[in-house]
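Geometric and topological summary
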Amino acid sequence: VIARFVRDSAEALVRAGATVLCMPANTCHKAEALATLLPLPPRETPFVSIVTATVAAAVARGYARVAVLGTATTMTSAFYPDGFAAAAVAASPQRPRAASVTVGVLPARAEDIAAVSEAIFARMLRGDFRAADARLVNAVVARVAAEQGADAVALACTELPMLFRETAIECA
């Protein structure tokens, strides 16, 4: 269903004259949905990927272990790990940092994945940004840093950075 919607929407945008396509929603970046864009005529219509941009930013800053926080779909799907793996494969003498970047630093605890996703869907999507949810995200960040060695965290959901408008994310 998502793949068909993405392809139909992209085709409509190209027919309307779009010269660049992007999808600013992480959860919809499931590989099967994005794969439908590849043969989209005309082939020269570029697709700007939020995943590729995140990977590029991590590589440019020299991060080696990146945790990804977002919805359960984003945290458990392969699109971010695949993006980081592709960057490692694309490493060259001009891009030696790319070879050391990995992503498998997702919140390992099922309860963390469920709690962050629940906070997003139950409250944040409705504009309800609570201090308790900021503390929850900070606790998950602290755990992935301490237990899994994350040196960076991608807040891969529009609502997560909004959660920290008035309070800072705590990083060691």
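The rules we used
Residues numbered from 1 in each chain as written. Predicted model: local features only at pLDDT ≥ 70, side-chain atom pairs only at ≥ 80, totals over all residues. Heavy atoms only, no water. Helix = DSSP H or I, 4+ residues; strand = E, 2+ residues; numbered from the N terminus. Buried < 20%, exposed > 50% of the residue type's maximum accessible area, 1.4 Å probe, protein only. Contact = heavy atoms within 4.5 Å. Areas by Shrake-Rupley, 256 points an atom, 1.4 Å probe, with all protein chains shown as cover. Core = buried A, V, L, I, M, F, W, Y, C linked by side-chain atoms within 4.5 Å. Polar contact = N/O pair within 3.5 Å; in protein donor to acceptor, adjacent residues only side chain to side chain. Expected span 1.5 Å × (residues − 1). Arc of directions from axis to C-beta. pLDDT = per-residue confidence, 0-100.

Concerning the overall build of the protein
A tally of helices and strands in the protein yields 8 helices and 4 strands. The buried share of the protein, taken over its 172 residues, is 37%. Taking the contacts inside the protein whose residues are at least 6 apart along the sequence as the reference set, 79% of them involve residues at least 24 apart. Roughly 9300 Å² of accessible area belongs to the protein as shown, and the carbon and sulfur atoms make up 60% of that amount.

Here we look at the nonpolar core
Counting 15 residues, the largest nonpolar core has Leu69, Ile120, Met124, Val137, Leu160 and Leu163 as its most contacted members. Sequence-distant contacts of Leu160, defined by excluding residues within four places in its chain, comprise Leu69, Gly70, Ile120, Met124, Val137 and Leu155. Judged by nonpolar contacts, the second largest core, of 13 residues, contains Ala58, Val59, Val66 and Ala87.

Concerning the side chain of Ser49
Tracing the sequence through the fold places Ser49 in the loop between strand S2 (47–48) and helix H3 (50–61). For Ser49, the side chain forms a polar contact with the main-chain nitrogen of Thr52, separated by 3.2 Å.

Considering helix H7 (residues 131–148)
The terminal C-alpha atoms of H7 lie 25 Å apart, and with 18 residues this matches the ideal 26 Å at 1.5 Å per residue to within 8%. Listed in full, the buried residues belonging to H7 are Asp133, Ala134, Val137, Asn138, Val140, Val141, Val144 and Gln148. The arc enclosing the buried residues of H7, seen along the axis, measures out at 160 degrees, which places them on a common side. Residues of H7 that are exposed and point more than 90 degrees away from the buried face comprise Ala131, Arg135 and Ala146. For H7, the secondary structure elements touched by its buried residues are strand S3 (66–69), helix H6 (110–122), strand S4 (152–155) and helix H8 (159–163).

Quick look at the confidence of the model for the protein
Caution is warranted with low-pLDDT regions, since their predicted coordinates should not be read in detail. Looking at the protein, the pLDDT average stands at 80 and 74% of residues meet or exceed 70. Within the protein, the lowest mean pLDDT, 54, falls on helix H2 (residues 31–35), and the highest, 95, falls on H6.

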